[in-house]
Amino acid sequence: MRAFSAAGLVLLALLALSACGGDSTGIEPTPRGGEAATPTATSAGGTAAQFQTQRIAGGFARPTFVTSAGDGSNRLFVLEKPGRVRIIKGTTVLDQSFLDITSLVGSSGNEQGLLGLAFHPDFEKNGRFWVTYTAKNAANTLAEYRVSSPGSNTADASSGKVLFAVPDQFPNHNGGMLAFGPDGYLYVSMGDGGSAGDPNGNGQNLSALLAKLLRIDINSGDPYAIPDSNPFAKRSDAVTESDRADELLALAPEARGGYYLVPKVLE
Ligand SMILES: [Ca+2]
């Protein structure tokens, strides 16, 4: 929890830097209006809380996400849009990338690139992690990697294994968020394909993996298994490919023309 809070603060700082004109040149942008801000937030109980952001690192190439490995190593992992994962150790950005898959990632579109990262809940022991990215052919891709050795600051780029690559329709709306739930399953968010207003109706289409939140069991099967509790597991109208038919966790029937959270996601 402590690491998560630190990651959240850094994310705020990174987003601020990105909004101020960070680009693929790697040139460190200058924050507007000083380096600290004092926003206020209201908790569910209505109590106003104050917090401050503090810049601890910069110079990233269009950072898209930051997280920790949950391994007590005091490291933060920053995703760079072109396809690199960088490490902040304490307040120092390590020179060598944790992972560099720029040769696989297509990032020419503003919303394309390396988008998500999640470490296995037992990462400290097994060294497994997953990333989402848009590939050179724009496919929305989920891939697994491993570290070179336990505790290493470099991943084994040759360990990459693509779990799936969903063809894309437009360069925007690519989703990409990854997270493990308390149930130990990996949750993968899929964008609606793109353009505007979901013109292909993917949010309404049970045969499409776009515009869905997927839940997979990466501790079973090869390369993964479908949880038995999946509510769409045996629906005849869900996806014609039998091996994908029960990946769907939940749908957003109101997706056309808007953005809605899916009510069944965490049931
Ligand atoms: Ca897209």
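Please refer to the structure placed before this passage.
Structure report, in brief. (Residues numbered from 1 in each chain as written. Predicted model: local features only at pLDDT ≥ 70, side-chain atom pairs only at ≥ 80, totals over all residues.)

Quick notes on the pairing of strand S3 (residues 63–68)
(1) Moving on: Taken across its six residues, S3 has six buried, putting it largely inside the fold.
(2) Moving on: The pairing of S3 with strand S4 (residues 75–80) spans five bridges and is antiparallel. If you follow phenylalanine 65 over to S4, its bridge partner there is leucine 79.
(3) Moving on: Between the end of S3 and the start of S4, which pair antiparallel, lie six residues, with glycine 70 showing a positive phi angle near 65 degrees. (Buried ≥ 20, exposed ≤ 12 C-beta atoms within 10 Å, placed from the backbone. Helix = DSSP H or I, 4+ residues; strand = E, 2+ residues; numbered from the N terminus. Pairing = 2+ DSSP bridges.)

Details of the nonpolar core
(1) Moving on: Of all hydrophobic cores here, the largest spans 45 residues; its most connected members are Leu117 and Trp130.
(2) Moving on: Sort the elements by how many residues they give to this core and strand S8 (residues 114–119) lands first, with five residues.
(3) Moving on: Discounting residues that sit within four places of it in the chain, leucine 117 has contacts with Phe65, Thr67, Phe77, Leu79, Val85, Phe129, Val131 and Leu178. (Core = buried A, V, L, I, M, F, W, Y, C linked by C-beta atoms within 7 Å. Contact = placed C-beta atoms within 7 Å.)

Quick notes on the environment of asparagine 153
(1) Moving on: Within the secondary structure layout, asparagine 153 lies in the loop between strand S10 (140–147) and strand S11 (155–166).
(2) Moving on: A C-alpha to C-alpha distance of 9.7 Å links asparagine 153 and lysine 89, two positions 64 residues apart in sequence.
(3) Moving on: Excluding anything up to four places from it in sequence, asparagine 153 contacts Ile87, Leu94, Gln96 and Phe98.

Some points on the sheet that holds strand S9 (residues 128–134)
(1) Moving on: Spatial ordering of the open sheet is given by S8-S9-S10-S11, a layout of four strands whose pairing is antiparallel. The open sheet has two edge strands with one neighbour each: S8 and S11. The mean angle between the axes of side-by-side strands here comes to 25 degrees, regardless of whether they run parallel or antiparallel.
(2) Moving on: Across five bridges, the pairing between S8 and S9 is antiparallel. If you follow phenylalanine 119 over to S9, its bridge partner there is phenylalanine 129. (Axes fitted to C-alpha atoms, helices over the stretch in contact; angles between N-to-C directions.)

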